[in-house]
Amino acid sequence: MESTELQTLCRIHPVAKGLCVIIANSRGNLPDKPLLKGVQTDLVNMQGTFEALKFAVMSRRDCSAAQMVSLLRGVATFSEYPPSYRRIAVVFAGHGEEQGVLCAHDGTVAVDAI
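So, here's what we can say about the structure. (Residues numbered from 1 in each chain as written. Predicted model: local features only at pLDDT ≥ 70, side-chain atom pairs only at ≥ 80, totals over all residues. Heavy atoms only, no water.)

Side note on the sheet that holds strand S4 (residues 96-97)
Strand pairing within a sheet occurs via backbone hydrogen bonds; the two strands may be parallel or antiparallel. Filter applied, for reference: Criterion used throughout: strands pair if DSSP finds at least two bridges between them. Helix and strand labels come from DSSP, where a helix needs a run of H or I of at least four residues and a strand needs a run of E of at least two; each type is numbered from the N terminus. Every residue pair with non-hydrogen atoms within 4.5 Å of one another is taken to be in contact. Only the stretch in contact is used when fitting a helix axis, every axis being a line fitted to C-alpha atoms; angles between N-to-C directions are given from 0 to 180 degrees.
Spatially, the 3 strands line up as an open sheet ordered S4-S5-S6, and their pairing is antiparallel. Each of the sheet's edge strands pairs with one partner strand only, and the pair in question is S4 and strand S6 (107-110). Sheet topology places strand S5 (residues 101-104) next to S6; 4 bridges connect them, and they run antiparallel. Counted as the bridge partner of valine 101 is alanine 110 from S6. Helix-sheet contacts for helix H3 (residues 65-77) involve S5 and S6, and the interaxial angle to S6 is about 30°.

Observations concerning the pattern of salt bridges
To keep it simple, the criterion reads: Each reported salt bridge corresponds to a side-chain nitrogen of Lys or Arg within 4 Å of a carboxyl oxygen of Asp or Glu. Burial classification: accessible surface area is computed with a 1.4 Å probe over protein chains only, and a residue below 20% of its type maximum counts as buried, one above 50% as exposed, and the rest as partly exposed.
In total, this model carries 1 salt bridge according to the counting rule given. The partner of glutamate 5 in a salt bridge is arginine 60, and the shortest N-O contact between them spans 2.6 Å. Of the two residues, glutamate 5 sits in helix H1 (residues 3-12) while arginine 60 sits in strand S2 (residues 55-61), which places them 55 residues apart along the sequence. Classification of glutamate 5 as partly exposed rests on a relative accessible area of 32%.

Quick notes on the nonpolar core
What counts is decided by this rule: The set of buried Ala, Val, Leu, Ile, Met, Phe, Trp, Tyr and Cys residues whose side-chain atoms join them within 4.5 Å is what this entry labels a nonpolar core.
Of all hydrophobic cores here, the largest spans 21 residues; its most connected members are Leu19, Val21, Ile23 and Met68. Broken down by element, the residue count for this core peaks at 6 residues, all from H3. When sequence neighbours within four positions are dropped, the list of residues in contact with valine 21 reads Met58, Leu71, Leu72, Val75, Ala89, Val90 and Val91. Counting 11 residues, the second-largest nonpolar core is a separate cluster that includes Ile22, Ala89, Val91 and Ala93.

Brief notes about the environment of alanine 56
Within the secondary structure, alanine 56 sits in strand S2. Sequence separation between alanine 56 and cysteine 20 is 36 residues, and the spatial gap between their C-alpha atoms is 6.2 Å.

Topic: the sheet that holds S2
Here 3 strands make up an open sheet; going across it, the order is S2-S1-S3 and the pairing parallel. The open sheet terminates on both sides in strands that have one partner only, identified here as S2 and strand S3 (87-93). Neighbour to neighbour, the strand axes of the sheet diverge by 15° on average, direction disregarded. Against the sheet, H3 contacts strand S1 (18-24), S2 and S3, and its axis sits at roughly 175° relative to S1.

So, helix H2 (residues 39-52)
Note the following rule: To estimate the expected span of a helix, count its residues, drop one, and scale the result by 1.5 Å.
The first and last C-alpha atoms of H2 sit 20 Å apart over 14 residues, in line with the 20 Å expected at 1.5 Å per residue. Summarising the contacts, the buried residues of H2 are in contact with S1, S2 and S3. Trailing H2 by a residue or two, lysine 54 shows a phi angle of about 70°, which is positive.

What to know about the packing of aromatic side chains
Threshold: In this scheme Phe, Tyr and Trp rings, the latter by its six-membered ring, pair at centre separations within 6.5 Å, and the angle between planes marks the pair as stacked below 30 degrees, edge-to-face above 60, and tilted otherwise.
A full pass over the atoms with the stated rule returns 3 aromatic pairs. Taking the centre distance of 4.8 Å and the plane angle of 80° together, the rings of phenylalanine 78 and tyrosine 81 count as edge-to-face. An aromatic cluster is present here, built from Phe78, Tyr81 and Tyr85 joined pairwise through their rings.

As structure tokens, this is what we get:
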């Protein structure tokens, strides 16, 4: 993720209460995980909810493990948030496993790795 995307989002929503990042993964290359048909609807509903709460929203669909890590590390290290951005919410819709493991479309990623 490039910081220019966050710069643009902050410019468009300069007085938002914070940033919400929504990752919606409906599929995976894990044979024991079925396709989740409602994930895209969940994304749309969560986006509307956070926008109503005055958050700027960034959403991604069907991310790889590397994309998830890159996105969230980029959000965490971005240094140009407006003063009103006092909160960051991260929402994940998709498969997960025990012990804080999220399923990406190409494997898994531990929450601690992010």
